[in-house]
Amino acid sequence: QVQLVESGGGLVQTGGSLRLSCVTSEHAFSSYSMGWFRQAPGKEREFVAGITSSGGSTYYRDSVKGRFTISRDNAKNTLYLQMNSLKPEDTAVYYCAPRVYYNGRYDQEGEYDYWGQGTQVTVSE
């Protein structure tokens, strides 16, 4: 089974920063594009950022562009999300997952599978 473990979440004030990590035991990690998603209470899970297998291309939802940076270290089987200038609306549980389907767009939840347990990010006013 594929296992993914997210970490690095916490409580920060508006304008603060956090760096999330996602570690996998999957031996083929370097073969997959990866994505970060988030889910706030009462809302649907939404795409945050994506990165191709080599790290050559990155993609972001409009609301985080210029504030978040997705990256990966394939030698360490680790995905990262650097979050700066955090806002209360960023509060959510953040998940990572590999893209395992190519039937739609990169920002569609259905393109990904094998979600981790998530890590809570809370941004106070």
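Along every chain, residues carry numbers that run from 1 in the direction the sequence is written. Reporting in this predicted model follows two pLDDT cut-offs: at least 70 for local features of residues, and 80 or more for side-chain atom pairs to be given and counted; totals over whole chains, interfaces and linings ignore these cut-offs and use all residues. Side-chain measures here rest on the full set of heavy atoms in the structure, leaving out hydrogens and waters.

Asker: How should the state of the cysteines be read in this particular structure?
Answerer: Disulfides are covalent bonds that connect the sulfur atoms of two cysteines. In this description, the term disulfide denotes a pair of cysteine sulfurs within 2.5 Å. All chains considered together, the criterion is met by one disulfide. Each sulfur in the disulfide pair Cys 22 and Cys 96 lies 1.8 Å from the other. Taking the sign of the S-S torsion, 60° for the link of Cys 22 and Cys 96, the bridge is right-handed. Of this pair, Cys 22 sits in strand β3 (residues 18-24) while Cys 96 sits in strand β9 (residues 92-98), placing them 74 residues apart in sequence. As far as burial versus exposure is concerned, Cys 22 and Cys 96 are alike and both buried. A run of DSSP states H or I qualifies as a helix once it reaches four residues; a run of E qualifies as a strand once it reaches two. Both are numbered from the N-terminal end. For every residue, the accessible area obtained with a 1.4 Å probe (protein chains only) is divided by the maximum for its type, and the residue is called buried under 20%, exposed over 50%, and partly exposed between those limits.

Asker: Would you mind showing me how to read the side chain of Glu 111 here?
Answerer: Inspection of the secondary structure assignment puts Glu 111 in the loop between β9 and β10 (119-124). Looking at Glu 111, the relative accessible area reads 4%, which means it is buried. Within the structure, the side chain of Glu 111 is placed 2.9 Å from the side chain of Arg 99, a separation counted as a polar contact. For this analysis, a polar contact is any N or O atom pair within 3.5 Å, provided that within protein one partner can donate a hydrogen and the other can accept it, and provided that sequence-adjacent residues contribute only side-chain to side-chain pairs.

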